[in-house]
Every structure is written in C-alpha cells, then in structure tokens.
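Chain and residue survey
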Amino acid sequence: MKKLCRSAMISTFAAGMLLISGCSNSNAADASTSAVAYNQANTPHYDVVKRDAKADIDAALNDEVWADVPSISGGFHFPWDSKEAPLTVFKAYHDGTDFYFCFEVTDNEVVTEEEWKEDESTVDNEDRVELFFAGGSVDKPTPNGMEKYYGIEVDPKGRVHDYSIEYYRHFDGTWNLEGLETKGISTDNGYIVEGKVPLKSLEDLNLIRDNVMRAGVYRAEFSKENGGDQELIMEWISWVDPKTEAPDFHVDSSFGEFRFLQ
C-alpha cells in the first residue's frame with residue numbers, strides 16, 4: 001500500500017471506497033523503544049511456530065511442514081466496506097534460521113502486468129499481498145526520533161516491491177530486504193505466494209525483540225469494471241482493522257504481533 005498511504009491516497013479514497021472489519025489495535029505499541037510484551041492482550045497476535053523442516057520456495061505448498069502450521073487467526077476483512085472479503089489464508093513458521101511465510105489467495109479476477117519496471121512500481125497496479133515489519137511505533141514520534149519500518153509487496157507472479165519507510169511517510173524504494181526469496185503461481189481460483197527471509201536480516205534491523213515482531217498483514221484486491229480495460233477498482237484487505245476513516249495501513253493500529261515460539 002505504498003502509493004495509497006501517502007496524502008494522495010487519503011483524498012482519493014475517502015470519497016469513495018470502503019473495505020474490512022477485524023481486530024482492533026487502538027492501543028498498540030505506544031512505546032517505540034521497548035520490546036512488545038507478550039501480555040498485551042489488546043494487541044492481535046499470531047504465533048510463528050518453530051519447525052525443523054525447510055520448505056522449498058516454489059509456491060506449490062506441498063512440503064509436509066505447511067500442513068502442520070496453523071493459519072493466522074481472526075481471518076481477513078475489508079476494513080472500509082461491510083461486504084465479505086474473499087478468502088485469504090496466511091501461514092508462517094521459522095526453523096531457527098529462516099522465517100517462512102505463504103499466502104493462499106482466492107481471487108476470481110487476478111490483475112497483473114506483463115512488464116516489470118526496474119523501480120518496482122509495476123506492483124502499484126496489481127493484485128498483491130503485503131507484509132509490514134516494525135520494531136516500534138510507525139506514527140508516534142518520540143524525543144529520540146522515529147524508527148524506520150519496512151514493507152514488502154509480492155504480486156501473483158512472485159515479483160517483489162520492498163521498501164523502507166522513515167517518518168513521516170518517506171519511502172525508499174531502493175531498499176531491499178536482504179536474503180528475501182519469493183515465488184508466486186496462479187491457481188484455478190486465485191494465486192499462491194510463498195517466501196522466506198533470514199531471521200538474521202530481521203534481527204539486524206532490530207525488528208525482533210524478546211521474540212516478538214510487530215507486523216501488518218494485508219492484501220490489495222484489484223479488479224476492472226466489467227472485466228475490461230477500464231479504471232481499476234482498488235480494494236484493501238487487512239488482518240487487523242486500523243479503524244481509520246479512509247484506507248491507510250501506515251498507522252500503528254493496523255499492526256499486530258508475530259510471536260516467535262521457541
């Protein structure tokens with residue numbers, strides 16, 4: 001949600017598009033410098049289980065390990081619309097070395113572009129899944145400044161747009177998440193994305209603190225009017241309901257916690 005979460009996004013979507021209601025996170029992580037405590041019951045969380053198996057990053061999801069990994073609880077919703085969201089299944093685990101994740105997306109009209117631009121902006125007009133990672137607050141500056149947070153957006157072909165974000169909403173699209181691997185494939189009813197990131201990359205960015213990382217999990221659900229070449233219909237799906245008036249994922253309230261079990 002890189003483009004839409006700048007000021008232009010607010011004016012574009014406030015007038016017209018609405019999407020999910022899910023878990024509230026209005027009090028999430030006011031402290032940007034301390035670790036997120038396990039007992040913050042008001043914060044939606046997902047347990048990233050530990051498994052010994054290493055999955056092949058091929059988007060087939062036929063590795064046995066995935067059958068034993070629970071999906072994210074609470075489901076995914078349209079925060080800015082009252083209609084039911086199409087099914088999105090997210091799973092993640094770690095093996096002590098890498099963080100593995102996958103999305104299984106139900107989508108009866110997968111929107112992609114053939115040409116991939118060098119600046120990765122192709123993804124702006126595509127269906128995609130998104131993960132945001134943060135160590136502290138993303139929208140509440142402190143006397144010590146604001147920590148960077150990070151986004152990865154993966155299209156149905158497995159192509160990645162990753163970037164860092166510095167307060168206030170300064171995006172660096174030249175940044176790349178070290179060691180990130182992704183793969184995407186089409187299915188009969190949508191698409192699958194699978195990926196992995198070295199835990200060291202997340203630790204070096206000071207994102208995992210006391211085995212907890214703040215994370216947002218999202219999906220851009222795009223379609224075209226009457227299935228043609230008309231203007232894109234852009235809708236936004238989230239694990240956590242940010243409770244914002246207009247579509248915006250770049251707020252503390254859109255984040256939950258990933259708790260890395262040992």
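All values reported here derive from a predicted model rather than from experimental measurement.

Analysis parameters
Residues numbered from 1 in each chain as written. Predicted model: local features only at pLDDT ≥ 70, side-chain atom pairs only at ≥ 80, totals over all residues. Heavy atoms only, no water. Helix = DSSP H or I, 4+ residues; strand = E, 2+ residues; numbered from the N terminus. Contact = heavy atoms within 4.5 Å. Areas by Shrake-Rupley, 256 points an atom, 1.4 Å probe, with all protein chains shown as cover. Salt bridge = Lys/Arg side-chain N within 4 Å of Asp/Glu carboxyl O. Buried < 20%, exposed > 50% of the residue type's maximum accessible area, 1.4 Å probe, protein only. Pairing = 2+ DSSP bridges. Polar contact = N/O pair within 3.5 Å; in protein donor to acceptor, adjacent residues only side chain to side chain. Phe/Tyr/Trp six-rings, centres within 6.5 Å; stacked < 30°, edge-to-face > 60°. Lys NZ or Arg CZ within 6 Å of the ring centre and 35° of its normal. Core = buried A, V, L, I, M, F, W, Y, C linked by side-chain atoms within 4.5 Å.

**Observations regarding the overall build of the protein**
- Along the backbone of the protein there are three helices and 14 strands.
- Across the protein, contacts joining residues at least 24 apart in sequence account for 69% of those joining residues at least 6 apart.
- With an accessible surface of roughly 11700 Å², the protein has 44% of that area assigned to carbon and sulfur atoms.

**Comments concerning the pattern of salt bridges**
- Enumeration according to the criterion identifies 19 salt bridges in this entry.
- The closest approach of N and O atoms between K140 and D252, which form a salt bridge, is 3.3 Å. Note that K140 is positioned in the loop between β5 (128–134) and β6 (149–154) and D252 in the loop between β13 (240–241) and β14 (256–260), a separation of 112 residues in sequence.
- The partly exposed category is assigned to K140, whose relative accessible area is 32%.
- Take D252: its relative accessible area is 2%, and that puts it in the buried class.
- The partner of R209 in a salt bridge is E147, with the nearest N and O atoms 2.3 Å apart. With R209 in the loop between α3 (199–204) and β11 (212–224) and E147 in the loop between β5 and β6, the pair connects residues that are 62 residues apart, well separated along the chain.
- Taken together, the shared-partner salt bridges in this structure form one network comprising D139, K140, R214 and D252.

**Concerning the pairing of strand β7 (residues 160–166)**
- Burial within β7 is extensive, with six of its seven residues counted as buried.
- Summarising the sheet, β6 and β7 pair through six bridges and their orientation is antiparallel. Counterpart to I152 in the pairing with β7 is D162.
- Hairpin geometry of β6 and β7 is characterised by an intervening segment of five residues between the two adjacent antiparallel strands and by a positive phi of about 85° at G158.

**Quick word on the side chain of D155**
- Within the secondary structure layout, D155 lies in the loop between β6 and β7.
- At 2.7 Å, the side chain of D155 and the side chain of R159 are in polar contact.
- With residues near it in sequence (within four places) discarded, D155 still touches W116, V123, E126, D127, R128 and V193.

**Some details on unusual backbone geometry**
- With omega at 0°, the peptide bond leading from Y167 into Y168 counts as cis.
- For Y168, the location among the structural elements is in the loop between β7 and β8 (170–172).
- A positive phi angle, close to 70°, is found at E120, a residue other than glycine.
- With respect to the helices and strands, the residue E120 is situated in the loop between β4 (98–106) and β5.
- E120 sits in the buried class, given a relative accessible area of 12%.

**Concerning the packing of aromatic side chains**
- Within the structure shown, the criterion is met by 23 aromatic pairs.
- Taking the centre distance of 5.2 Å and the plane angle of 75° together, the rings of Y167 and Y168 count as edge-to-face.
- For Y167, a relative accessible area of 35% translates into the label partly exposed.
- A relative accessible area of 47% places Y168 in the partly exposed class.
- Both rings, one in W236 and one in F249, keep their centres 6.2 Å apart while their planes meet at 85°; by these two values the pair is edge-to-face. Taken together, the residues W236 in strand β12 (residues 232–238) and F249 in the loop between β13 and β14 connect sequence positions 13 residues apart.
- Taking the relative accessible area as the measure of exposure, W236 reaches 0% and is therefore buried.
- Site record: aromatic cluster; members linked through ring pairs are W80, F132, Y149, Y163, F171, Y218, F222, W236, F249 and F255.
- A cation over an aromatic ring shows up here: K83 above the ring of F78, its NZ or CZ 5.2 Å from the ring centre.

**Section: the nonpolar core**
- F90, F99, F101, F133 and F258 are the most contacted members of the largest nonpolar core, which totals 49 residues.
- Here the element with the most residues in this core is β4; it accounts for six residues.
- Excluding its chain neighbours within four sequence positions, the residues that come into contact with F99 are V48, A92, Y93, H94, F133, G195, K196, V197, L199, L202, F258 and F260.
- W80, A134, V138 and W236 belong to the second largest nonpolar core, which has 18 residues in total.

**Overview of the pairing of β5**
- In terms of burial, β5 is a largely internal element, seven of the seven residues being buried.
- Burial of β5 is two-sided: the residues R128, E130, F132 and A134 facing one way and the residues V129, L131 and F133 facing the other way are all buried.
- With seven bridges joining them, β5 and β11 adopt antiparallel strand pairing. When the sheet's bridge partners are listed, A134 is paired in β11 with R214.
- As paired strands, β5 and β6 are joined by five bridges and run antiparallel to one another.

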